[in-house]
There are 2 protein chains.
Amino acid sequence: MKDPIEAFRKFLADKNQKLTPQRQVVLRIFMDRHDHMTPEELHQLGREMDPGLGLATVYRTLKLLEEAGLARELRLGDGVARYEYDFGREHHDHIICTACKRNIEVLDPRIETLQEALARRHGFELTGHKMILYGLCQACREDGE
Amino acid sequence: MKDPIEAFRKFLADKNQKLTPQRQVVLRIFMDRHDHMTPEELHQLGREMDPGLGLATVYRTLKLLEEAGLARELRLGDGVARYEYDFGREHHDHIICTACKRNIEVLDPRIETLQEALARRHGFELTGHKMILYGLCQACREDGE
DNA sequence: GTGCCTGCAAATTTTTTGCACGTCG
DNA sequence: CGACGTGCAAAAAATTTGCAGGCAC
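Residues numbered from 1 in each chain as written. Chains lettered and ligands numbered in written order. Predicted model: local features only at pLDDT ≥ 70, side-chain atom pairs only at ≥ 80, totals over all residues. Heavy atoms only, no water.

> I tried to follow the sheet that holds strand E3 (residues 81-85) of chain B on my own but got confused; where do I start?
Residue and element names in this part refer to chain B. Strand order in this open sheet of three strands is E1-E3-E2, and the pairing throughout is antiparallel. The sheet is open, and its two borders are formed by strand E1 (36-37) and strand E2 (71-75), each paired with just one other strand. Judged from the five bridges that link them, E2 and E3 form a sheet pairing that is antiparallel. Opposite Ala 71, over in E3, you have Tyr 85 as the bridge partner. (Pairing = 2+ DSSP bridges. Helix = DSSP H or I, 4+ residues; strand = E, 2+ residues; numbered from the N terminus.)

> Just checking my understanding: could you explain the packing of helix H2 (residues 21-32) of chain A against helix H3 (residues 39-49) of chain A for this structure?
Each pair of packed helices can be described by the angle between their axes along with the distance between the axes. All names here are of chain A. At a closest axis distance of 9 Å, the pairing of H2 and H3 adopts a crossing angle of 110°. With respect to H3, the element H2 is oriented roughly perpendicular. Relative to H3, H2 is oriented so that their crossing is right-handed. Residues Val 25, Arg 28, Ile 29 and Phe 30 of H2 form the contact with H3, whose own contacting residues are Leu 42, Leu 45, Gly 46 and Met 49. Class assignment for the residues of the contact of H2 with H3 results in six nonpolar, one polar and one charged. (Axes fitted to C-alpha atoms, helices over the stretch in contact; angles between N-to-C directions. Parallel < 35°, antiparallel > 145°, perpendicular 65-115°, else oblique. Left-handed = near helix turned anticlockwise from the far one by under 90°. Contact = heavy atoms within 4.5 Å. Nonpolar A, V, L, I, M, F, W, Y, C, P; charged D, E, K, R; others polar.)

> What is the right way to look at the environment of B:Pro39 in this model?
Residues and elements named next belong to chain B. Of note, Pro 39 is situated in helix H3 (residues 39-49). Sequence separation between Pro 39 and Gly 77 is 38 residues; the distance between their C-alpha atoms is 16 Å. Pro 39 has contacts with Leu 55, Val 58, Tyr 59, Leu 62, Ala 81 and Tyr 83, leaving out every residue within four places of it along the chain.

> Honestly, the relation of the copies chain B and chain A in this entry has me stumped. Any pointers?
Both copies of the chain are related through a single rotation about an axis accompanied by a shift along the same axis. Overlay of chain B on chain A (RMSD 0.1 Å): rotation 180°, translation along the axis 0.0 Å. Here the two chains are linked by the operation of a two-fold rotation axis. For chain B, the minimum C-alpha distance to the rotation axis belongs to B:Met131 and amounts to 2.2 Å. (Least-squares fit on C-alpha atoms with pLDDT ≥ 70 in both.)

> What exactly am I supposed to notice about the pairing of strand E5 (residues 103-106) of chain B here?
A regular strand carries its side chains on alternate faces of the sheet. All names here are of chain B. Sheet analysis places strand E4 (residues 93-97) next to E5, joined by four bridges and oriented antiparallel. Bridge pairing in E5 places Asp 93 opposite Val 106. Hairpin connection of E4 to E5: five residues between the antiparallel strands, including Lys 101 at a positive phi of 70°.

Following this line, the structure appears as structure tokens:
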């Protein structure tokens, strides 16, 4: 399966639900802009394509996209939920600069392996994880000096 | 510094603030019960010692305890914030069972080391991290079969 | 028609803030 | 007095829910 739209349609069909225009709009935004976006931001962007789009629908669709494995919820520490597109992408975690809030995506396969082992050692079968590193980026370290 | 109460007093004094009875109550609860607690739960418990204690004060105190490094905010995936006591304890992360919600504390020094290296490789100076593993515990796996 | 979907507004939930009063040096 | 601290209630922010109407089989 390489088409996210078809993947979403299939996911919905399996639950007797439909890929409505509104749901497509939200998915399309993710496909166009691979950003981290809050529901509010998605709603704004969505209204450009469908002015009647309701915020509640965005929330409802985000839940569905998450269940479908097409989007991932991200909490970077401020109280706001963000979502990122997660289709056909390699898994990754995040580092966020505590000063300028800039964040980048990172991955270390050795950490992933150790997480797996750590869980197993405690009798768990690992199904997922969230890891966020906090630090100071180079620019902010230099500013601080 | 081995007395959390004195540590908190000192932290507050450095900001020209005081260790009031209310603040002590919240800290004491943490010292007595090393649980993960929501602000609401802490408020309930706090009222047993000081019936007039306000929820807003609990929130304000939690912020202070966190700044002081005596408590740590924990978000396990439901919308609720939890806090855990974090004085004189070794750092640890968490695994939570997605079925029964039970969670345990875990630590792998090798992961910690790799996180440090990973951050540095991206130009960051690591100051902290949050890692939560999600999985199925043994009991729930057996139930599921 | 039946069941899924939607937008809207109202309701919930979680957290923060404004304010008047109290306290302590 | 002056700064800090508190409880309360109101406010704010984020998310969920109820509902009447609409659409597609």
